[in-house]
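# Structural overview
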Amino acid sequence: MALPDSVTTCLSQPVCYAICKLGFEKKDTYNIDNILSGSGEVYWPAVTEHVCYLESDQSVDYIKSIRSLGPVCESVNSYFKSLTKEQFVIQYASWFHWTNCTEVFLEVFDVLQSTQATEVALGLMKLTSCLERALGDVYLLKGNDCPFLLRDLLASEQLADVFGQAVMNVLRVFIGSPHGLNLRNVLWHGFASPQEIPAKYCAMLLFLTAGLGQLLETYLLQTKGVLVHRPYVIFIGLEELDAFPGNEILSIAEELVKLSSFVLKIMLPFWIAALTAFKQSRYADSVILLLPQLEAGLRLLFTTTNKCPNRLLTAESSALYTTFDEMLAKHLDNEEVNQLPVVLEEPAMESNFESDFLWDFLNHQEGPRIRDRLSHGEINLETFPREIANQIVGFAITILCRFSDEAMYSLKEHMLIKPLMNCASCYQSRFHPISRLKKQVLECMKSMHLWPELATVPEEQEQRIKGLEGNAEANTLILMVSEIISQLQHFMPQNCCSSDDPINSVLTERLLVELCDTRICTLYCPRPVLEVVVVLRKMSAQCHQVSQQVIAGAALRHTQWLNKTLRSRQRHNYRRMLNSIKFLSPVLWLILLLITLELVSVHSVCKKNPFDYQQYLKFLKSVLQYTENLVTYTSPDKNKWDETMELTKKTLIKIKKISDRKLMLMHLAT
């Protein structure tokens, strides 16, 4: 691994020149009165005239534009520094209301008065995030499906219609275009160190945001439109994110940061600022500062292990940045195997903790996707959850420990460090589709455990419901379930089944919990595995819905029976429901058992192909169709209990055939 002290910049020479030098080449003193009225309104023509265009195709000439706008940015920065906070609020606060983040922009003004480069960089990251979200809201005034990427948003016809193309070109010089300064990307992806971001660009974006607010106000008055702000993402189930203990470890975290080889020395101020923000309960700030640094550290590992040191630097506009997405991928763009996950995996650990954690928190669609949502302005910064920040800080500390030399052995053995590393060693993915399937099965299981407690008709009154004693068909189905489970015992953990009474001993919470606790590799799951998991998840969801419908329906009918409000046909239907519950319970338990058994064996099934994979998937889809029909038949407005019995019989025959075949193949293999 390259020595972090030897890295003096992560900006390539052209990018470094554009950001750090180009805008300083013109030494002209620009008069702020040229672009600002006495009432604080931006005179846009005087700003847009500094954007230069290529003669060939009239596209923006970013080099000349940056050079020309440099003195303007300097003048704006000096102007803001001349204002008191009260003056700024009086004159500009109302022009930030369109962003729905007024306080963030007022904080950026405070940052400009300080001399701390880390605070300027943090302010710029927050500003670009909130500005992107607000521009997306404006886009939706005229279009649907707001573009995900900032560069596509800024290049859209919809924003050009509202603000004017010349105004959008000014913005693209600073953010959104890989040919311009691209300030948002070089910061959010961890390429720029604090001292490499000129404060005047932060001031200029603050100024432009106020000017956009003025233009938008005029547009809304003319069109009688109303700007609607999309709701922020709200995180639910935060307890699922709890992988690490509390923040007592912060007391030694700063020492780790200074000693770990994972930290680039030029980025050290960001790390210190992140830990300080966490201590001050500024959780969004802490995570905003940490995520780019985790990316920068992993990029150093990635470029070293894959022997491509040139990719440590920002790529040119004609190439891709090396970002989290590529670093976590299985293969490089040249189809060679990515060596970073191999390096991250420790033999002592039961899982590839770092990769699993990063996929959970950053990439998986059902996970929090923290980096995307923060950088695109989808999260309310003022209410950012401490729980998420705690996990990001905990992860950062574990990776700092992993990549430190032996001289830090005593620190690694610290009483606060060891519990953290133990948590890391047993981490399992929480948001991979396989992990979500396990969760679904356990939730359905909890619902099914309520069935024995369902209110039923007292035995002495059963004769009042004609036909309730006719259980022959139900008993036949229960017997079929018992036979299938006896066959499936060969695929179950030992000591979890009994040949004497398979239904009562096998279909238990203990068995399902044990199966769901089976550790399954989720990193880089093959496509066939994911296809199977999709079907299994749908099956589980349908089973859960059937369970909920039966519980609700049985409670309603029992109440109506007690109150003697059931008509003759309804009493007959109630009888069929009670009969059906007797066989539906073991059938649903059987399907849950099938789902978990298929889940723990799906990798080997798809890899070894003991029988035709497509035929196997077809079978699963037929069981899925059965569960979907069950949802329909057991719904309150259908109550098709006779049809449920007939359909169940046909499905159990299919399941028995496939279990017979699997058992035969297993015996042939031995």
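Computed from a predicted structure; not experimentally measured.

### Focus: the overall build of the chain
Helix and strand counts for the chain come out as 29 helices and zero strands. Of the contacts made within the chain by residues no fewer than 6 positions apart, 76% connect residues no fewer than 24 positions apart.

### Details of the UniProt feature "transmembrane region" (unreviewed entry) in the chain
In this numbering, the UniProt entry assigns the feature "transmembrane region" (unreviewed entry) to residues 577-597. For residues 577-597, the helix share is 100%, the strand share is 0%, and the end-to-end C-alpha distance is 29 Å.

### Here we look at helix α14 (residues 283-305)
With 23 residues, α14 ought to run about 33 Å at 1.5 Å a step, and its terminal C-alpha atoms sit 32 Å apart, in line with that. Burial analysis of α14 places 21 of its 23 residues in the buried class, which makes it a mostly covered element. Trailing α14 by a residue or two, K307 shows a phi angle of about 55°, which is positive.

### Notes on unusual backbone geometry
Non-glycine residue N182 carries a positive phi angle of around 55°. Relative to the helices and strands, N182 is located in the loop between α9 (165-174) and α10 (183-188). The phi dihedral of K564 falls on the positive side, at around 55°, and the residue is not glycine. The residue K564 is located in the loop between α26 (527-562) and α27 (568-608) in this model.

### A word on the nonpolar core
The biggest cluster of nonpolar side chains holds 156 residues, and the ones touching the most others in it are F80 and F174. Viewed by domain, this core spans two of them, domain 1 (13-223) and domain 2 (238-426), each represented by three or more residues.

### Some details on the pattern of salt bridges
On inspection of all chains with the given rule, the structure shows 19 salt bridges. For K200, the salt bridge identified is with E74, shortest N-O distance 3.5 Å. Of the two residues, K200 is situated in helix α11 (residues 199-223) and E74 in helix α3 (residues 62-82); the sequence distance between them amounts to 126 residues. You can call E74 partly exposed: its relative accessible area is 34%. The salt bridge partner of D642 is R576, with a shortest N-O separation of 3.0 Å. A residue pair is termed long-range when its members are at least 10 positions apart, and D642 in helix α29 (residues 641-669) and R576 in helix α27 qualify at 66 residues. The buried category is assigned to R576, whose relative accessible area is 17%.

### Observations regarding the environment of M645
Mapped onto the fold, M645 is located in helix α29. Aside from chain neighbours lying at most four places away, what touches M645 is E473, A474, L477 and F583.

### What to know about the packing of aromatic side chains
For the structure shown, the criterion picks out 20 aromatic pairs. Arranged with centres 6.0 Å apart and planes meeting at 65°, the rings of F174 and Y201 form a pair that is edge-to-face. Here F174, found in helix α9, pairs with Y201, found in helix α11; they are 27 residues apart in sequence, far enough to count as distant. Geometrically, the ring pair formed by F278 and Y283 is edge-to-face, given 5.3 Å between the ring centres and 70° between the ring planes. For the residue pair F278 and Y283, the accessibility class agrees, reading buried in each case.

### Structural notes on the packing of helix α13 (residues 268-279) against helix α19 (residues 386-402)
One way to put it is that α13 packs onto α19 with a least axis distance of 11 Å and a crossing angle of 140°. It follows from the interaxial angle that α13 and α19 lie oblique. As for the relative orientation of α13 and α19, their crossing is left-handed in sense. Counted together, W271, L275 and F278 of α13 and R386, A389, N390, V393, A396 and L400 of α19 form the full contact between these two elements. Of the residues belonging to the contact of α13 with α19, the class tally is seven nonpolar, one polar and one charged.

### Observations regarding the state of the cysteines
Tallied over the full model, the rule gives zero disulfides. C444 provides the cysteine sulfur closest to C543, a residue in no disulfide bond, and the two sulfurs are 5.4 Å apart.

### With respect to the confidence of the model for the chain
Here the chain shows a mean pLDDT of 86. Residues at 70 or above account for 87%. A low-confidence stretch, residues 466-470 (pLDDT under 50), is modelled with eight contacts involving residues beyond four sequence positions or located in other chains. Here residues 666-670 is modelled with pLDDT under 50, and outside its nearest four sequence neighbours on either side it reaches two contacts, counting other chains as well.

### What to know about helix α5 (residues 102-112)
An α-helical segment advances 3.6 residues per turn. Residues three or four places apart therefore align on the same side. Among the 11 residues of α5, eight are classified as buried, and the element is accordingly described as predominantly covered. Within α5 the residues assigned to the buried category are T102, V104, F105, L106, V108, F109, V111 and L112.

### Here's the deal with the environment of V393
With respect to the helices and strands, the residue V393 is situated in helix α19. With a relative accessible area of 4%, V393 lands in the buried category. The spacing of V393 and L250 is 143 residues in sequence and 8.8 Å in space, taken between C-alpha atoms. Ignoring anything within four residues of it in the chain, the contact list for V393 reads L250, L275, F278, S286 and L290.

### Re the environment of P368
If you trace the backbone, P368 turns up in the loop between α17 (353-363) and α18 (370-375). Here the alpha-carbon distance between P368 and L238, two residues 130 residues apart in the chain, equals 9.5 Å. If near-sequence neighbours (up to four positions away) are discounted, P368 is found in contact with F235, L241, D360, F361, R373 and F431.

### Some remarks on the packing of α3 against α11
Contact geometry of α3 with α11 gives a least axis separation of 8 Å together with a crossing angle of 80°. What the angle tells us is that α3 and α11 run roughly perpendicular. Contacts from I66, L69, G70, V72, C73, E74, V76, N77 and F80 of α3 reach α11 at A199, K200, Y201, A203, M204, L206 and F207. In the contact of α3 with α11, the residues fall into 12 nonpolar, two polar and two charged.

Cut-off values and rules
- Residues numbered from 1 in each chain as written.
- Predicted model: local features only at pLDDT ≥ 70, side-chain atom pairs only at ≥ 80, totals over all residues.
- Heavy atoms only, no water.
- Helix = DSSP H or I, 4+ residues; strand = E, 2+ residues; numbered from the N terminus.
- Contact = heavy atoms within 4.5 Å.
- UniProt positions renumbered as here; feature names shortened; annotations may be inferred.
- Expected span 1.5 Å × (residues − 1).
- Buried < 20%, exposed > 50% of the residue type's maximum accessible area, 1.4 Å probe, protein only.
- Core = buried A, V, L, I, M, F, W, Y, C linked by side-chain atoms within 4.5 Å.
- Domains from an automatic or database assignment.
- Salt bridge = Lys/Arg side-chain N within 4 Å of Asp/Glu carboxyl O.
- Phe/Tyr/Trp six-rings, centres within 6.5 Å; stacked < 30°, edge-to-face > 60°.
- Axes fitted to C-alpha atoms, helices over the stretch in contact; angles between N-to-C directions.
- Parallel < 35°, antiparallel > 145°, perpendicular 65-115°, else oblique.
- Left-handed = near helix turned anticlockwise from the far one by under 90°.
- Nonpolar A, V, L, I, M, F, W, Y, C, P; charged D, E, K, R; others polar.
- Disulfide = S-S within 2.5 Å.
- pLDDT = per-residue confidence, 0-100.

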